[in-house]
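Structural description and commentary
Okay, here's what each chain looks like letter by letter:
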Amino acid sequence: MTPFAYSKPEAIDEAVRLAGPDSLFIAGGTNLVDLMKENLVRPKRLIDINALPLRDVTATAEGGLRIGALVGNAELAWHPEVERRYPLLAQALLSGASPQVRNMASAGGNLLQRTRCHYFYDAQVPCNKREPGSGCPARAGLNRNHALFGASEHCVAVHPSDFCVALAALDAEVIITGLQGERRVAMSDFHRLPGDTPQRDTVLEPGELILAIELPAEDFASHHAYLKLRDRASFAFALVSVAAALQLDENGQIHQARIALGGVAHKPWRRVDVEASLVGQVATPEHFEAAAELLLKDAQPLAHNAFKVELARRAVVRALSTAAEGARP
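Labelled according to an unreviewed UniProt entry, the protein appears under the name Xanthine dehydrogenase YagS FAD-binding subunit, originating from Pseudomonas straminea.

Structure (structure tokens):
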């Protein structure tokens, strides 16, 4: 392992001052330590943020929920307010990784996971995400798990998180701080498409730190579903995942709809125009099928992942149908 300096600040402003272009923050380390072991990242300084006061889950003035960046994934999934008000989020968290990893992983760190593209993890082959300009062997290589949307000639990798897919569907915001002060970013804007800079996964600037995630007050607790399709039943990343949430009136007419896909793009994939097409419709499989067709009509499959288009179409219909049935006691 490449030598590095280690710091453990006890205040947020101290952590931000220590940060620089060659430093990285570490919390649970469930992804970062693996990357360092493989020499895929080589920070000159690790800044351990576990002593910072970022472990609370609190109500916001607007009636939503603020989740500190250091809240553990397991703790968050079983938090009473998350289970009661945001069960979609709890489902997504519990579908990810293993109990041991969920016990270590943090909410903020979950947002910063790197892709699990096998070319990215193989230091012996080129990868534009690791070394810009070196090439993307996945485009012409084995790309079964890769993107249907938003890819570029420089990168076709997908974002791995389940948590982020649910956060995107729920219109969450990410609270960030840095030397320039605090700012908010909508979850749907936090991750970037690869374009010609695939090495940048998010809109975070060097040295910026995630403080919290905020969920709005909007209630989708009665009609929601998180569906994750993968090669094995546990500890596997999604081929396709769907976070679906509905608000229905007493006649079964859709007042609001949310659909976010995972496993298909460099970020959670959401189309607000598709969601709008469902508003005013009765919650039926026929209307869900029409929405799925619209959502997937611009898919650009690669040589080995065309099956994901039909997989995603069926998954969207199933997730929306499950959401429409309502939460079970």
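1. Side note on the sheet that holds strand E1 (residues 5-7)
Strand order in this open sheet of three strands is E1-E3-E2, and the pairing throughout is parallel. Of all the strands in the sheet, the pair left with one neighbour each is E1 and strand E2 (23-26). When strand polarity is set aside, the average angle formed by the axes of neighbouring strands in this sheet is 25°. Sheet analysis places E2 next to strand E3 (residues 45-48), joined by four bridges and oriented parallel. Residue Ser23 lies in a different strand from E3, and its bridge partner there is Arg45.

2. Overview of the pairing of strand E9 (residues 224-229)
The buried fraction of E9 is high, at six of six residues. Neither face of E9 is exposed, since His224, Tyr226 and Lys228 on one face and Ala225, Leu227 and Leu229 on the opposite face are all buried.

3. A look at the sheet that holds strand E5 (residues 65-68)
With antiparallel pairing, the five strands of this open sheet are ordered in space as E4-E5-E8-E6-E7. Whereas interior strands pair on both sides, the edge strands pair on one side only; in this sheet they are strand E4 (57-59) and strand E7 (181-186). For this sheet, the mean angle separating the axes of adjacent strands, direction not counted, is 25°. Bridge count for strand E6 (residues 173-178) against strand E8 (residues 209-215) is five bridges, and the pairing is antiparallel. Bridge pairing in E8 links Thr177 to Leu209.

4. Points about the environment of Ala59
Locating Ala59 in the fold gives a position in strand E4. Discounting chain neighbours no more than four positions away, the residues touching Ala59 are Gly64 and Leu65.

5. Details of empty space enclosed by the protein
Counting across every chain of the model gives four cavities of 30 Å³ or more. In this model, the largest cavity occupies a volume close to 80 Å³. For the largest cavity, the lining is made up of 15 residues, of which Cys117, Cys127, Cys136, Cys155 and Ala157 are closest to its centre. Of the residues in the lining of the largest cavity, the class split is ten nonpolar, four polar and one charged. In terms of lining residues, the second largest cavity is bounded by Gln113, Thr115, Lys129, Val158, His159, His191, Asp201 and His266.

Each value, and the rule that gives it
Residues numbered from 1 in each chain as written. Predicted model: local features only at pLDDT ≥ 70, side-chain atom pairs only at ≥ 80, totals over all residues. Heavy atoms only, no water. Pairing = 2+ DSSP bridges. Helix = DSSP H or I, 4+ residues; strand = E, 2+ residues; numbered from the N terminus. Axes fitted to C-alpha atoms, helices over the stretch in contact; angles between N-to-C directions. Buried < 20%, exposed > 50% of the residue type's maximum accessible area, 1.4 Å probe, protein only. Contact = heavy atoms within 4.5 Å. 1 Å grid on protein atoms, 1.4 Å probe; cavity = no way out; pocket = protein on both sides within 12 Å on 5 of 7 lines; lining within 4 Å. Points joined across faces, edges and corners; volume = space filled by probe spheres on them. Nonpolar A, V, L, I, M, F, W, Y, C, P; charged D, E, K, R; others polar.

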